[in-house]
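# Residue-level structural notes
Listed below are the residues making up each chain.
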Amino acid sequence: MGRAFKIVILGGGVAAGYAALEFVKHGISYGELCIISEEAVAPYERPALSKGCLLPEDAATLPAFHTCVGIGVERQTPKWYKEHGIELALGTHIKAVDVKLKTLLSAAGETITYKTLIIATGARVLRLEEFGVSGADAKNICYLRDWNDCKKLVEVTEQCQGGMAVVIGGGYIGMECAAALVTNRMKVTMVFPEQHCMARLFTSEIAAFYEDYYKKRGVKFIKGTVMTAFESDAEKKVRAVILKDKKRIEADMVVVGVGIRPNVSLFEGQLALEKGGIKVNGKMQTSNPSVYAVGDVVAFPVKLYGDVRRLEHVDHARKSAAQAVNAIISPEEVQDYDYLPFFYSRAFTSSWQFYGDNVGKCVLFGSLKDQKFGAFWIDRGHVVGAFLEGGNKDEYASLATLARLQPPVKDIEMLAKQGLAFPFFH
Ligand code: FAD
Ligand code: NDP
């Protein structure tokens, strides 16, 4: 038994939702497109899981944030897919793919064939078991990648109102979840191996601002170390986190955000891989011309920097999806993907955006005290990256322009004094 489609999108996350929208914009015939997802719900805006969904009151819940509400367009509920003749195969785990035969095999034993495949399998969370931490299977340890994880996190938080939460990891999940837990009146301790939070993007000065900001809201930081074990009770609930130096931190719940790995295993030995992701060209086409890949799972050429990168952020998921669809529909007309890296985050009342590349010398401007500051990264005399906390729409648009155009800067002192008012183009 099997079904056949002209186009199959494997994965039902952000990139899949935006790819479906792009196909609909161009016009597809009924029954041509199928989206296969192991999740039980239609594609949604994943960023909501660590933000709106964790609010103590009026929390966001599905179906409110199905794609593509993130860019202010249609909310694609299952009904939307039906109306556009798109087959949405939810709760369907694909366990094998043969790119030569152009077939996918589901866990239930169904074979699905395609003419063109778009891989949008995203990534999986790294689990503490993979670091050899014992007792990591306890009931009150939460990870956060999908809607089920989010529901569990909300439930566990509700069960230990006013209690102690330990957050493992000082990256995006750690910072956003720590803030959400505080908002839910939990006492939060963060533990991570680096000397400061968000180590891959922030300099120590920028991180110091956010750490102080969190400390003022009650968050404790334990930095430069890792946890080695959990202490659990008879009900298999964690009661304490044990650090490398044997220090014991009491915990009613634990949230873990120690990074992700792209879901590439189905394609190992079949498609070219690079930097842990599926290698694509500027058309999002893999080493097999009938297979495209988008979102977190791809290693793609960044034209602006002349290298290959993997980016784990929603803007790239959305834009790479649109790029693949356009390349499939009009291969002759589409230009190579020319992506400007863009990251953002929000926690408590803070909100920042970053565009470009964080290499070279970092120059801070503005006032950390007034929560209105930013930074430029200057590499070989040119602005290559720009960061701003508390900016408005126009200011963020200027950051993007600067990071894209990379104007030269001679007077770095003046730049630090003037910030965005600096005459970049004269
Ligand atoms: P995903 O959205 O992860 O979708 C992958 C899909 O593939 C999933 O539905 C998965 O179940 C499915 N799948 C995988 N393997 C199989 C299989 N074998 N069979 C069937 N289905 C399969 N980025 C930002 O820029 N800003 C943010 O504020 C932000 N917040 C985030 C908050 C959270 C909690 C998380 C987890 C991520 C956040 N991100 C954010 C990152 C952003 O969500 C991702 O970059 C984006 O979701 C990537 O889209 P994707 O479609 O490539 O992968
Ligand atoms: P990140 O890669 O952002 O951060 C993981 C952090 O955990 C790193 O600081 C990492 O350190 C640290 N770490 C690694 N191993 C350990 C360990 N054993 N103990 C403690 N800390 C450890 O991943 P997240 O898990 O925070 O986020 C998962 C994904 O979700 C990412 O793709 C992220 O981009 C995305 N996301 C994005 C958001 C946004 O853009 N606003 C919001 C939420 C999620 P090291 O660097 O040394 O490895």
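The text that follows walks through the structure, step by step, so that each part is easy to find. (Residues numbered from 1 in each chain as written. Chains lettered and ligands numbered in written order. Predicted model: local features only at pLDDT ≥ 70, side-chain atom pairs only at ≥ 80, totals over all residues. Heavy atoms only, no water.)

### Some details on the site of ligand 1
Contacts to ligand 1 come from 32 residues, most closely from Glu39, Arg46, Lys51, Arg145 and Asp296. One nitrogen or oxygen atom from the main chain of Glu38 is found 3.1 Å from a nitrogen atom belonging to ligand 1. In the model, an oxygen atom of ligand 1 is placed 2.7 Å from a nitrogen or oxygen of the Arg145 side chain. Protein coverage of the free-state accessible area of ligand 1, which is 990 Å², stands at 94%. For the shell around ligand 1, the secondary-structure elements that each account for two or more residues are α1 (14-26) and α6 (314-329). Looking at the shell around ligand 1 residue by residue, the class counts come to 13 nonpolar, twelve polar and seven charged. (Near = heavy atom within 4 Å. Polar contact = N/O pair within 3.5 Å; in protein donor to acceptor, adjacent residues only side chain to side chain. Areas by Shrake-Rupley, 256 points an atom, 1.4 Å probe, with all protein chains shown as cover. Helix = DSSP H or I, 4+ residues; strand = E, 2+ residues; numbered from the N terminus. Nonpolar A, V, L, I, M, F, W, Y, C, P; charged D, E, K, R; others polar.)

### As for the site of ligand 2
The environment of ligand 2 is formed by 19 residues, the closest being Ile173, Glu176, Glu194, Glu312 and Tyr344. One nitrogen or oxygen atom from the main chain of Ile173 is found 2.8 Å from an oxygen atom belonging to ligand 2. With the chains in place, 83% of the 910 Å² that ligand 2 exposes on its own is no longer accessible. Broken down by secondary-structure element, the contributors of at least two residues to the shell around ligand 2 are α4 (172-183) and β22 (342-347).

### Topic: unusual backbone geometry
Cis geometry is found at the peptide bond from Leu62 to Pro63, where omega equals 15°. Note on placement: Pro63 falls in the loop between β2 (33-36) and α2 (78-83). Here the residue pair Thr67 and Cys68 is connected by a cis peptide bond, since its omega of 5° sits within 30 degrees of zero. Tracing the chain through its elements places Cys68 in the loop between β2 and α2.

### A look at the sheet that holds strand β12 (residues 227-232)
Each strand in a sheet pairs with another by means of backbone hydrogen bonds, the pair being arranged parallel or else antiparallel. Pairing in this open sheet of three strands is antiparallel, and the strands run β12-β13-β14 from one edge to the other. In the strand order of this sheet, the two ends are held by β12 and β14 (248-250), each with one partner. Going from strand to strand, the sheet's axes swing by 25° on average, the running direction of each strand aside. Examined bridge by bridge, β12 and strand β13 (residues 238-243) share five bridges and lie antiparallel to one another. (Pairing = 2+ DSSP bridges. Axes fitted to C-alpha atoms, helices over the stretch in contact; angles between N-to-C directions.)

### Thoughts on the pairing of strand β23 (residues 350-356)
Two faces, one strand: in a regular strand the side chains alternate between the faces of the sheet. When you tally the buried positions in β23, you get six out of seven residues, the bulk of the element. As paired elements, β22 and β23 share six bridges and run antiparallel to each other. If you follow Arg346 over to β23, its bridge partner there is Ser351. With five bridges joining them, β23 and strand β26 (residues 382-389) adopt antiparallel strand pairing. For Gln353, the partnering residue across the bridge sits in β26 and is Leu388. (Buried < 20%, exposed > 50% of the residue type's maximum accessible area, 1.4 Å probe, protein only.)

### Regarding the environment of Lys275
By the secondary structure assignment, Lys275 is in the loop between β17 (273-274) and β18 (277-279). Exposure remark for Lys275: the relative accessible area of 52% places this residue in the exposed category. Linking Lys275 and Asp411, residues 136 residues apart in sequence, is a C-alpha distance of 37 Å. Those residues in contact with Lys275 that sit more than four places away from it in its chain are Val308 and Arg310. In this structure the side chain of Lys275 is engaged in a polar contact, spanning 2.6 Å, whose partner is the backbone oxygen of Val308. (Contact = heavy atoms within 4.5 Å.)

### Description of the pattern of salt bridges
Under the defined criterion, the tally for this structure stands at 25 salt bridges. Arg248 serves as the salt-bridge partner of Glu231, at 2.8 Å between the closest nitrogen and oxygen. Of this pair, Glu231 sits in strand β12 while Arg248 sits in strand β14, and the two are 17 residues apart along the sequence. Here Lys283 makes a salt bridge to Asp336, at a shortest N to O gap of 2.7 Å. Linking Lys283 in the loop between β18 and β19 (291-293) with Asp336 in the loop between α6 and β22, this pair joins segments that are 53 residues apart in sequence. Here Lys283 falls in the partly exposed class, since its relative accessible area comes to 22%. Residues joined by salt bridges that share partners form a network here, namely Arg3, Glu87 and Glu110. (Salt bridge = Lys/Arg side-chain N within 4 Å of Asp/Glu carboxyl O.)

### Focus on the packing of α1 against α6
Closest axis-to-axis distance for the α1/α6 pair is 8 Å, and the angle between their directions is 40°. In terms of their interaxial angle, α1 and α6 are classed as oblique. As α1 runs across α6, the sense of the crossing is right-handed. Here α1 contributes Val14, Ala15, Tyr18, Ala19, Glu22, Phe23 and His26 to the contact with α6, which in turn contributes Val314, Ala317, Arg318, Ala321, Ala322, Val325, Asn326, Ile328 and Ile329. A class-by-class count of the residues in the contact of α1 with α6 yields twelve nonpolar, two polar and two charged. (Parallel < 35°, antiparallel > 145°, perpendicular 65-115°, else oblique. Left-handed = near helix turned anticlockwise from the far one by under 90°.)

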